[in-house]
Amino acid sequence: MTYHFGTYVAGSWQRRGGSDFVTVNPASPGEIVGVYDATDAVALDAVFASARRAQAEWRDVPGIRRQAILEDWLNAVEARCEDIALAITLEMGKTLADARGEILYALKEARFTIGEASRAIGEVMPSARPGLRNMTLRRPRGVVVAATPWNYPVLTPLRKLAPAFAHGNAVILKPSETAPASACLMAEIADAYLPRGLFQIVLGGAAVGAALVSHAEADAVTFTGSVETGRRIYVAAAANLAEVQLELGGKNGIVVHDTEDLEACADEIVAGTLENGGQRCTSISRLIVRREIAADLERAITERMDAIVVGDGRDPAVGMGPMASAAHFERVHSMMARGAGEGARRATGEGQHQGGGFFLRPTLFADVRPEMFLAQQEVFGPVLSLISYDTVDEALAILNGVEFGLAAALFSNRLDVVQRFIAEAEAGMLHVNHQTGVDPNMPFVGVKNSGVGAASIGRSSIHFYTTEHSVYIKS
Ligand code: NAD
């Protein structure tokens, strides 16, 4: 299977027949999966012009009708679930089961969010003066640009596309150059449902992304990815005073204070660490455990990690696929080596799985101290660092002692510990007695260096995807 896409502008693909960049199967890197034409700066102006035209019509489509059109598009995406799942697995390696799960989950979220198109968009306010009727209303922002990463190549774009369209905007999406095929397939499917130019795609790496987010015609910029890129995008958007939403990395910790069922707790921790090969912004990466139970938990987690079959995500027996790219494999591998060099003890896992792909074994480092590199930096791989503590104060200080604030979890049945956790844990998403998995109707949000701007999903999206207006009507 080879995908071939270029810029998607005004409902047609600009394929020059070139191959500015290719994608490979990370489970067998000799296999080319996608051949792509990158977007050049001149083409970008035409993409913005077409988005502007499409948005001018779409904003006048009644919200309830917009919702129905979007529902039809989402149904058509679901009908192509198998094709899209295969594209995800071939380009970034996750198992086919996980790829299907990603699509179906993304659709649940999107269906919830598009309901915003038919919900209230303003308030009636008391007037300070006689004879006036006051209200607030919201209008679409206009042309929204989006840049997304490779780890959830359907979920992350849809988390932006669904609210943007529901609120009456056009979107220009730059999917990750590591795994663009699935987003291109969603755009291809949209052709039969959405007005031409409403959903367009530009392709390429950082240079194309930078040109997109700094374009003067971008009314709002939504980005998901690393902190480093997020900082650049914030600066670029500031030059145009464009509204910004940044969803960035995490160094998510789970505090295990007490549990009645250590085995079930270990199941949750391993699932939360290894889903998508640990290439998940909400992955558990630090296990902050009370010293009395640390050895038992280390044993239970090691057993589970050792039982996981690593291999090609197309094989149904495989529980965890490869790292998504050669560069990412090298990054994670070198972080593991640096952690071992700092004195962390490798309780299980190995540097490199056998075979040609970018495989790593699930890895648990024990005896990690909070100030170590492994305990501070986002690894974005199948690596868990175990840190022991003695007091609740110490546990919270370790949990909060990182630059990130995306997700945090606690295992405890003690109400005082739970109360402190939900009041003091510095994270946008807080989980008690389960791992860091989320629901499709809850705001998705980070604090500290994990995010800037409005939360995603559902009601919160109105703050980013619309502008607020005050209206005074005198009869
Ligand atoms: P990345 O920051 O390298 O790239 C993300 C996207 O931005 C890609 O499309 C890339 O081409 C583009 N880009 C790169 N430089 C750019 C620039 N200067 N201007 C505009 N666009 C630019 O991230 P990645 O390696 O693809 O993804 C992994 C990161 O994403 C991790 O840090 C992870 O935590 C984060 N992430 C966060 C969330 C969240 O919701 N908080 C979700 C998933 C992933």
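Everything below is about the structure shown above.
In this numbering scheme, every chain counts its residues from 1 along its sequence in written order. Whole-chain, interface and lining totals are the exception, using all residues; otherwise, since this is a predicted model, local features are given only for residues with pLDDT of at least 70 and side-chain atom pairs are given and counted only at 80 or more. To obtain the side-chain values, all non-hydrogen atoms of the structure were included, while hydrogens and water were left out.

Our focus in this paragraph is the site of the ligand. What surrounds the ligand is a group of 27 residues, the closest being Thr 148, Glu 177, Ser 226, Leu 248 and Glu 378. Think of a polar contact as two N or O atoms within 3.5 Å of one another; within protein, one of them needs to be a possible hydrogen donor and the other a possible acceptor, and neighboring residues in sequence only count if both atoms come from side chains. Between the ligand and Trp 150, the relevant distance is 3.2 Å, taken from an oxygen atom to a side-chain nitrogen or oxygen of the residue. Within the contact set of the ligand, an oxygen atom lies 2.9 Å away from a side-chain nitrogen or oxygen of Lys 174. Per-residue and other accessible areas were derived by the Shrake-Rupley procedure at a 1.4 Å probe size, with only the shown protein chains allowed to occlude residues. Protein chains bury 89% of the 860 Å² of accessible surface belonging to the ligand in isolation. Comment: elements are numbered from the N terminus, with helices defined as DSSP H or I runs of at least four residues and strands as E runs of at least two. Those elements that place two or more of their residues in the shell around the ligand are helix H7 (206–213), strand S11 (220–224) and helix H8 (227–239). When residues of the shell around the ligand are assigned to their parent elements, the largest contribution, four residues, is made by H7. Distances are taken per atom, and a residue is near a molecule or strand as soon as one of its heavy atoms is within 4 Å of it.

This part covers the pairing of strand S7 (residues 132–140). Sheet topology note: the strand S6 (residues 123–125)/S7 ladder contains three bridges and is antiparallel. Considered in S7, the bridge of Met 125 is made with Asn 134. Two strands make a pair as long as DSSP finds a minimum of two bridges between them. The hairpin turn running from S6 into S7, its antiparallel successor, is six residues long, and Gly 131 in that turn takes a positive phi close to 80°. One ladder, built from nine bridges, connects S7 with strand S23 (residues 466–474); its direction is antiparallel. Among the inter-strand pairings, Leu 132 is bridged to a residue of S23, identified as Lys 474.

Moving on, we come to the pattern of salt bridges. Here a salt bridge means any side-chain nitrogen of Lys or Arg lying within 4 Å of a carboxyl oxygen belonging to Asp or Glu. One pass over the full model with this rule turns up 31 salt bridges. In this structure, Glu 82 engages Arg 100 in a salt bridge whose closest nitrogen and oxygen atoms are separated by 2.6 Å. With a gap of 18 residues between them, Glu 82 in helix H3 (residues 81–92) and Arg 100 in helix H4 (residues 96–114) connect regions that are remote in the sequence. Partly exposed describes any residue whose relative accessible area lies between the buried limit of under 20% and the exposed limit of over 50%, with all areas from a 1.4 Å probe on protein chains only and scaled to the type maximum. Judged by relative accessible area, Arg 100 falls into the partly exposed class, the value being 29%. Among the ionic pairs, Arg 304 bridges to Glu 263, the shortest N-O distance being 2.9 Å. Placement of the pair is Arg 304 in helix H10 (residues 291–306) and Glu 263 in helix H9 (residues 262–274), with a sequence separation of 41 residues. A single salt-bridge network, built from bridges that share partners, covers Glu 263, Asp 267, Arg 299, Glu 303 and Arg 304.

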